Amino acid sequence: MGRYERVLLKLSGEILAGSGGFGLDLEAVTNICSEIAEVAREGIQVAMVVGGGNIMRGQQAVQKGMERSQADNMGMLATVINALALQDSLERMGISTRVQTAIEMRQVAEPFIRRRAIRHLEKGRIVIFAAGTGSPYFSTDTAAALRASEIGASCLMKATKVDGIYDDDPHKNPNAKRLPFVSYHDALTMGLKVMDAAAFALCQENQIPIVVFDVLKKGNLRALLVDGSPVGSLVS
Ligand code: UDP
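Residues numbered from 1 in each chain as written. Predicted model: local features only at pLDDT ≥ 70, side-chain atom pairs only at ≥ 80, totals over all residues.

Per an unreviewed UniProt entry, the recorded name for the chain is Uridylate kinase, and the organism is Thermanaerovibrio acidaminovorans. Under the UniProt heading Function (unreviewed entry), the note attached to the chain is "Catalyzes the reversible phosphorylation of UMP to UDP." (UniProt positions renumbered as here; feature names shortened; annotations may be inferred.)

Enquirer: Requested: an account of the site of the ligand, with residues and values cited.
Expert: Around the ligand there are 24 residues in total, and Gly-51, Gly-53, Gly-58, Gly-75 and Gly-132 lie nearest to it. Tallied by class, the residues present in the shell around the ligand amount to six nonpolar, 14 polar and four charged. (Near = placed C-beta within 6 Å. Nonpolar A, V, L, I, M, F, W, Y, C, P; charged D, E, K, R; others polar.)

Enquirer: Would you mind going over the nonpolar core in detail, with residue names and values included?
Expert: In terms of nonpolar packing, the biggest core is built from 70 residues, with Leu-8, Val-46, Ala-47, Met-48, Ile-128 and Leu-156 touching the most fellow members. No other element matches helix α2 (residues 26-41), which puts seven residues into this core. Sequence-distant contacts of Ile-128, that is, excluding residues within four places in its chain, are made with Met-48, Val-50, Ala-83, Leu-86, Gln-87, Thr-97 and Val-99. (Core = buried A, V, L, I, M, F, W, Y, C linked by C-beta atoms within 7 Å. Buried ≥ 20, exposed ≤ 12 C-beta atoms within 10 Å, placed from the backbone. Helix = DSSP H or I, 4+ residues; strand = E, 2+ residues; numbered from the N terminus. Contact = placed C-beta atoms within 7 Å.)

Enquirer: Now, about the sheet that holds strand β2 (residues 45-50): what can you tell me, with residues and values included?
Expert: With respect to topology, nine strands assemble into an open sheet ordered β4-β3-β5-β2-β1-β6-β10-β11-β9, the strand pairing being mixed. Of all strands in the sheet, those bounded by a partner on one side alone are β4 (110-111) and β9 (181-182). Sheet topology note: the strand β10 (residues 210-214)/strand β11 (residues 233-235) ladder contains three bridges and is antiparallel. Each bridged residue has a counterpart across the sheet, and for Val-211 the counterpart in β11 is Leu-234. Helix-sheet contacts for helix α6 (residues 140-151) involve β1 (6-11), β2, β5 (126-130) and β6 (155-160), and the interaxial angle to β1 is about 170°. (Pairing = 2+ DSSP bridges. Axes fitted to C-alpha atoms, helices over the stretch in contact; angles between N-to-C directions.)

Enquirer: Describe the confidence of the model for the chain, naming the residues involved and giving the relevant values.
Expert: Looking at the chain, pLDDT values average 95 and 99% of them are 70 or higher. With a pTM of 0.96, the predicted complex shows an ipTM of 0.98. (pLDDT = per-residue confidence, 0-100.)

Enquirer: Go over the UniProt feature "binding site: UMP" (unreviewed entry) in the chain with me, naming the residues and quoting the values.
Expert: Listed under "binding site: UMP" (unreviewed entry) in the UniProt record, and renumbered for this structure, are Gly-52, Asp-72, Thr-133, Gly-134, Ser-135, Pro-136, Tyr-137, Phe-138, Ser-139 and Thr-140. With the annotated positions falling across 89 residues, the maximum pairwise C-alpha distance of 14.2 Å places them together in a single cluster. One can find Ser-139 in the loop between β5 and α6. Tracing the sequence through the fold places Thr-140 in helix α6. For Thr-140, a count of 30 C-beta atoms within 10 Å puts it in the buried group. Other than its neighbours up to four places away in sequence, Thr-140 contacts Lys-10, Val-49, Val-50, Gly-51, Gly-52, Thr-79 and Gly-132.

Enquirer: Would you mind going over the UniProt feature "domain: Aspartate/glutamate/uridylate kinase" (unreviewed entry) in the chain in detail, with residue names and values included?
Expert: According to UniProt, the feature "domain: Aspartate/glutamate/uridylate kinase" (unreviewed entry) maps to residues 6-214 in the numbering used here. For residues 6-214, helix accounts for 42% and strand for 20%, while the C-alpha atoms at its two ends are 19 Å apart.

Enquirer: Break down the environment of Thr-30 for me, citing the residues and quoting the values.
Expert: Note on placement: Thr-30 falls in helix α2. Residue Thr-30 is classed as partly exposed on the basis of its C-beta count, with 15 C-beta atoms lying within 10 Å. Separated by 73 residues in sequence, Thr-30 and Ile-103 have C-alpha atoms that sit 26 Å apart.

Enquirer: Give a description of helix α8 (residues 197-205) that names residues and reports values.
Expert: Looking only at α8, the buried set comprises Ala-199, Phe-200, Leu-202 and Cys-203. Projection of α8 onto a plane perpendicular to its axis shows the buried side chains occupying an angular sector of 165°, all on one side. Opposite the buried face of α8, by more than 90 degrees, sit the exposed residues Ala-197 and Glu-205. Buried residues in α8 make contact with α6, β6, α7 (184-189) and β10. (Arc of directions from axis to C-beta.)

Enquirer: Lay out the pairing of β6 with the relevant residues and their values.
Expert: Two faces make up the sheet, and in a regular strand the side chains alternate between them. Taken across its six residues, β6 has six buried, putting it largely inside the fold. Burial along β6 is two-sided: Cys-155, Met-157 and Ala-159 and Leu-156, Lys-158 and Thr-160, pointing in opposite directions, are all buried. Where β1 and β6 come together, five bridges link them in parallel fashion. In the strand pairing of β6, Val-7 is matched with Cys-155.

Enquirer: How would you explain helix α4 (residues 68-92) if you had to name every residue and give the values?
Expert: End to end, α4 covers 37 Å across 25 residues, agreeing with the expected 36 Å (1.5 Å per residue, within 8%). Gly-94, located one to two residues past α4, shows a positive phi value of around 90°. (Expected span 1.5 Å × (residues − 1).)

The following block contains the structure:
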(Lines give C-alpha, C1' and ligand atoms only; values in the text may rest on other atoms or scores of the structure.)
Protein backbone atom coordinates (compact mmCIF):
# COMPACT_ATOMS: atom_id res chain seq x y z
CA MET A 1 0.00 0.00 0.00
CA GLY A 2 1.33 3.43 -0.91
CA ARG A 3 2.16 5.98 1.71
CA TYR A 4 -1.22 7.65 1.70
CA GLU A 5 -3.42 5.14 -0.05
CA ARG A 6 -5.85 4.93 2.87
CA VAL A 7 -6.13 7.75 5.36
CA LEU A 8 -8.15 8.56 8.41
CA LEU A 9 -9.15 12.20 8.49
CA LYS A 10 -10.10 13.58 11.89
CA LEU A 11 -12.37 16.60 11.65
CA SER A 12 -13.24 18.42 14.84
CA GLY A 13 -16.72 19.82 15.26
CA GLU A 14 -15.15 23.26 15.49
CA ILE A 15 -14.23 23.12 11.80
CA LEU A 16 -17.90 22.75 10.91
CA ALA A 17 -19.13 25.45 13.27
CA GLY A 18 -20.59 28.76 12.35
CA SER A 19 -18.88 32.02 13.12
CA GLY A 20 -20.02 31.91 16.74
CA GLY A 21 -18.12 28.64 17.15
CA PHE A 22 -21.39 26.84 17.71
CA GLY A 23 -23.73 24.73 15.61
CA LEU A 24 -23.37 23.81 11.98
CA ASP A 25 -22.42 26.23 9.23
CA LEU A 26 -23.54 24.52 6.03
CA GLU A 27 -21.24 26.69 3.96
CA ALA A 28 -18.28 25.54 6.03
CA VAL A 29 -19.48 21.95 5.56
CA THR A 30 -19.66 22.43 1.78
CA ASN A 31 -16.20 23.99 1.62
CA ILE A 32 -14.55 21.23 3.55
CA CYS A 33 -16.42 18.52 1.66
CA SER A 34 -15.32 19.85 -1.71
CA GLU A 35 -11.69 19.50 -0.59
CA ILE A 36 -12.36 15.96 0.61
CA ALA A 37 -14.27 15.04 -2.56
CA GLU A 38 -11.29 16.14 -4.62
CA VAL A 39 -8.89 13.70 -2.98
CA ALA A 40 -11.47 10.91 -3.03
CA ARG A 41 -11.82 11.40 -6.79
CA GLU A 42 -8.06 10.89 -7.07
CA GLY A 43 -8.51 7.39 -5.67
CA ILE A 44 -7.35 8.02 -2.12
CA GLN A 45 -9.35 5.91 0.31
CA VAL A 46 -10.76 8.33 2.85
CA ALA A 47 -12.24 7.40 6.20
CA MET A 48 -13.29 10.12 8.58
CA VAL A 49 -13.93 10.53 12.28
CA VAL A 50 -15.90 13.61 13.12
CA GLY A 51 -16.07 15.41 16.46
CA GLY A 52 -19.05 17.04 18.07
CA GLY A 53 -17.63 19.98 19.98
CA ASN A 54 -19.63 22.47 17.91
CA ILE A 55 -22.82 21.02 19.41
CA MET A 56 -21.96 19.34 22.70
CA ARG A 57 -18.79 18.85 24.68
CA GLY A 58 -19.20 16.44 27.54
CA GLN A 59 -16.62 18.04 29.81
CA GLN A 60 -18.23 21.47 29.64
CA ALA A 61 -21.60 20.09 30.72
CA VAL A 62 -19.91 18.18 33.54
CA GLN A 63 -18.49 21.44 34.84
CA LYS A 64 -22.06 22.66 35.13
CA GLY A 65 -23.08 19.61 37.14
CA MET A 66 -24.16 17.07 34.52
CA GLU A 67 -23.32 13.44 35.10
CA ARG A 68 -20.30 12.47 33.00
CA SER A 69 -21.63 9.45 31.10
CA GLN A 70 -24.85 11.25 30.31
CA ALA A 71 -22.96 14.28 29.01
CA ASP A 72 -20.60 12.14 26.97
CA ASN A 73 -23.46 10.19 25.43
CA MET A 74 -24.91 13.51 24.33
CA GLY A 75 -21.52 14.46 22.91
CA MET A 76 -21.37 11.25 20.93
CA LEU A 77 -24.84 11.85 19.52
CA ALA A 78 -23.69 15.31 18.45
CA THR A 79 -21.02 13.70 16.29
CA VAL A 80 -23.75 11.78 14.46
CA ILE A 81 -25.45 15.05 13.49
CA ASN A 82 -22.17 16.29 12.05
CA ALA A 83 -21.58 13.00 10.25
CA LEU A 84 -24.98 13.18 8.58
CA ALA A 85 -24.29 16.75 7.47
CA LEU A 86 -20.98 15.67 5.93
CA GLN A 87 -22.64 12.70 4.25
CA ASP A 88 -25.34 14.87 2.75
CA SER A 89 -22.85 17.35 1.39
CA LEU A 90 -20.48 14.74 -0.07
CA GLU A 91 -23.31 12.80 -1.69
CA ARG A 92 -24.61 15.96 -3.34
CA MET A 93 -21.13 16.26 -4.86
CA GLY A 94 -21.56 12.78 -6.32
CA ILE A 95 -19.36 10.97 -3.82
CA SER A 96 -20.61 7.69 -2.46
CA THR A 97 -20.46 7.52 1.35
CA ARG A 98 -21.46 5.46 4.35
CA VAL A 99 -21.89 6.58 7.92
CA GLN A 100 -21.07 3.99 10.55
CA THR A 101 -21.95 4.65 14.16
CA ALA A 102 -20.36 3.22 17.27
CA ILE A 103 -23.77 3.46 18.97
CA GLU A 104 -26.37 1.53 17.02
CA MET A 105 -29.07 3.54 15.29
CA ARG A 106 -29.82 1.45 12.26
CA GLN A 107 -32.55 3.71 10.95
CA VAL A 108 -30.06 6.47 10.25
CA ALA A 109 -26.73 4.74 9.70
CA GLU A 110 -24.91 1.43 9.64
CA PRO A 111 -23.42 0.13 12.86
CA PHE A 112 -19.63 0.10 12.95
CA ILE A 113 -18.39 -3.13 11.41
CA ARG A 114 -14.68 -3.09 10.69
CA ARG A 115 -14.61 -5.47 7.76
CA ARG A 116 -17.56 -3.75 6.17
CA ALA A 117 -15.90 -0.36 6.57
CA ILE A 118 -12.81 -1.67 4.79
CA ARG A 119 -14.95 -3.09 2.00
CA HIS A 120 -16.63 0.30 1.52
CA LEU A 121 -13.23 1.98 1.31
CA GLU A 122 -12.03 -0.54 -1.24
CA LYS A 123 -15.08 0.26 -3.32
CA GLY A 124 -14.19 3.94 -3.25
CA ARG A 125 -16.78 5.05 -0.72
CA ILE A 126 -15.93 7.55 1.96
CA VAL A 127 -16.68 6.08 5.37
CA ILE A 128 -17.65 8.49 8.11
CA PHE A 129 -17.28 7.06 11.58
CA ALA A 130 -19.65 8.66 14.07
CA ALA A 131 -20.44 8.39 17.78
CA GLY A 132 -16.76 8.29 18.70
CA THR A 133 -15.70 5.06 20.35
CA GLY A 134 -19.23 4.44 21.60
CA SER A 135 -18.01 4.81 25.18
CA PRO A 136 -18.04 7.80 27.48
CA TYR A 137 -14.78 9.11 28.96
CA PHE A 138 -13.11 9.05 25.55
CA SER A 139 -12.59 11.68 22.87
CA THR A 140 -13.09 11.62 19.15
CA ASP A 141 -9.30 11.97 18.82
CA THR A 142 -9.02 8.62 20.53
CA ALA A 143 -11.78 7.28 18.27
CA ALA A 144 -9.75 8.51 15.28
CA ALA A 145 -6.61 6.73 16.50
CA LEU A 146 -8.64 3.60 17.18
CA ARG A 147 -10.38 3.52 13.80
CA ALA A 148 -7.13 4.38 12.00
CA SER A 149 -5.56 1.35 13.66
CA GLU A 150 -8.51 -0.90 12.90
CA ILE A 151 -8.73 -0.08 9.21
CA GLY A 152 -4.98 -0.07 8.68
CA ALA A 153 -4.79 3.60 7.71
CA SER A 154 -1.36 4.73 6.61
CA CYS A 155 -1.82 8.05 8.36
CA LEU A 156 -4.05 9.98 10.73
CA MET A 157 -4.65 13.43 9.31
CA LYS A 158 -5.63 15.78 12.08
CA ALA A 159 -7.46 18.68 10.45
CA THR A 160 -7.08 21.92 12.39
CA LYS A 161 -7.21 25.65 11.89
CA VAL A 162 -3.44 26.05 12.27
CA ASP A 163 -0.78 24.93 9.82
CA GLY A 164 0.96 22.49 12.12
CA ILE A 165 2.48 22.04 15.54
CA TYR A 166 4.20 24.99 17.18
CA ASP A 167 6.54 25.13 20.15
CA ASP A 168 4.20 27.72 21.69
CA ASP A 169 0.74 29.13 21.00
CA PRO A 170 1.14 31.02 17.69
CA HIS A 171 -1.87 33.20 18.51
CA LYS A 172 -0.22 34.44 21.71
CA ASN A 173 3.47 34.28 20.90
CA PRO A 174 4.55 35.81 17.55
CA ASN A 175 7.93 34.06 17.90
CA ALA A 176 6.37 30.61 18.16
CA LYS A 177 8.14 28.22 15.77
CA ARG A 178 6.42 25.65 13.59
CA LEU A 179 7.90 22.19 14.01
CA PRO A 180 7.75 20.25 10.72
CA PHE A 181 8.77 16.94 12.34
CA VAL A 182 8.04 15.83 15.87
CA SER A 183 8.54 12.44 17.50
CA TYR A 184 5.67 10.83 19.44
CA HIS A 185 7.82 11.08 22.52
CA ASP A 186 8.48 14.81 22.11
CA ALA A 187 4.86 15.55 21.27
CA LEU A 188 3.84 13.98 24.57
CA THR A 189 6.62 15.22 26.82
CA MET A 190 6.67 18.74 25.39
CA GLY A 191 2.96 19.01 26.11
CA LEU A 192 2.26 20.11 22.54
CA LYS A 193 -1.45 19.34 22.92
CA VAL A 194 -1.87 17.83 19.47
CA MET A 195 -4.14 15.08 20.72
CA ASP A 196 -4.90 13.56 24.08
CA ALA A 197 -2.55 10.98 25.57
CA ALA A 198 -4.82 8.00 24.87
CA ALA A 199 -4.98 8.90 21.17
CA PHE A 200 -1.23 9.36 21.04
CA ALA A 201 -0.53 6.09 22.76
CA LEU A 202 -2.62 4.22 20.18
CA CYS A 203 -0.91 5.90 17.25
CA GLN A 204 2.52 5.32 18.68
CA GLU A 205 1.84 1.69 19.52
CA ASN A 206 0.45 1.00 16.05
CA GLN A 207 3.03 3.14 14.25
CA ILE A 208 0.49 5.43 12.67
CA PRO A 209 2.01 8.77 11.72
CA ILE A 210 -0.06 11.86 12.51
CA VAL A 211 -0.16 14.86 10.21
CA VAL A 212 -1.43 18.09 11.73
CA PHE A 213 -2.43 20.54 9.04
CA ASP A 214 -4.59 23.55 8.24
CA VAL A 215 -7.67 22.16 6.54
CA LEU A 216 -9.17 25.60 5.95
CA LYS A 217 -6.46 26.53 3.49
CA LYS A 218 -7.79 25.66 0.07
CA GLY A 219 -5.84 22.94 -1.70
CA ASN A 220 -3.94 21.81 1.40
CA LEU A 221 -5.53 18.40 1.60
CA ARG A 222 -4.81 17.74 -2.05
CA ALA A 223 -1.25 19.01 -1.72
CA LEU A 224 -0.69 16.61 1.14
CA LEU A 225 -2.40 13.50 -0.13
CA VAL A 226 -2.14 13.73 -3.90
CA ASP A 227 1.00 15.78 -4.49
CA GLY A 228 2.83 14.56 -1.40
CA SER A 229 3.86 18.09 -0.43
CA PRO A 230 5.27 18.63 3.05
CA VAL A 231 2.28 20.44 4.53
CA GLY A 232 1.79 20.93 8.27
CA SER A 233 3.66 18.91 10.88
CA LEU A 234 4.38 15.21 10.95
CA VAL A 235 4.45 13.24 14.18
CA SER A 236 6.09 9.85 13.73
N1 UDP B 1 -17.29 11.52 23.30
C2 UDP B 1 -17.31 10.39 24.10
N3 UDP B 1 -16.66 9.25 23.70
C4 UDP B 1 -15.99 9.18 22.52
C5 UDP B 1 -15.95 10.34 21.70
C6 UDP B 1 -16.61 11.49 22.11
O7 UDP B 1 -17.91 10.39 25.18
O8 UDP B 1 -15.44 8.12 22.18
C9 UDP B 1 -18.07 12.72 23.70
C10 UDP B 1 -17.35 13.65 24.65
O11 UDP B 1 -18.31 14.16 25.55
C12 UDP B 1 -16.87 14.75 23.74
C13 UDP B 1 -17.98 14.83 22.72
O14 UDP B 1 -18.37 13.47 22.55
O15 UDP B 1 -16.73 15.97 24.42
C16 UDP B 1 -17.60 15.43 21.40
O17 UDP B 1 -16.37 14.91 20.95
P18 UDP B 1 -15.01 15.78 20.93
O19 UDP B 1 -15.00 16.74 22.07
O20 UDP B 1 -13.88 14.82 20.82
O21 UDP B 1 -15.22 16.55 19.58
P22 UDP B 1 -14.29 17.64 18.86
O23 UDP B 1 -13.52 18.39 19.90
O24 UDP B 1 -13.38 16.88 17.96
O25 UDP B 1 -15.26 18.47 18.10
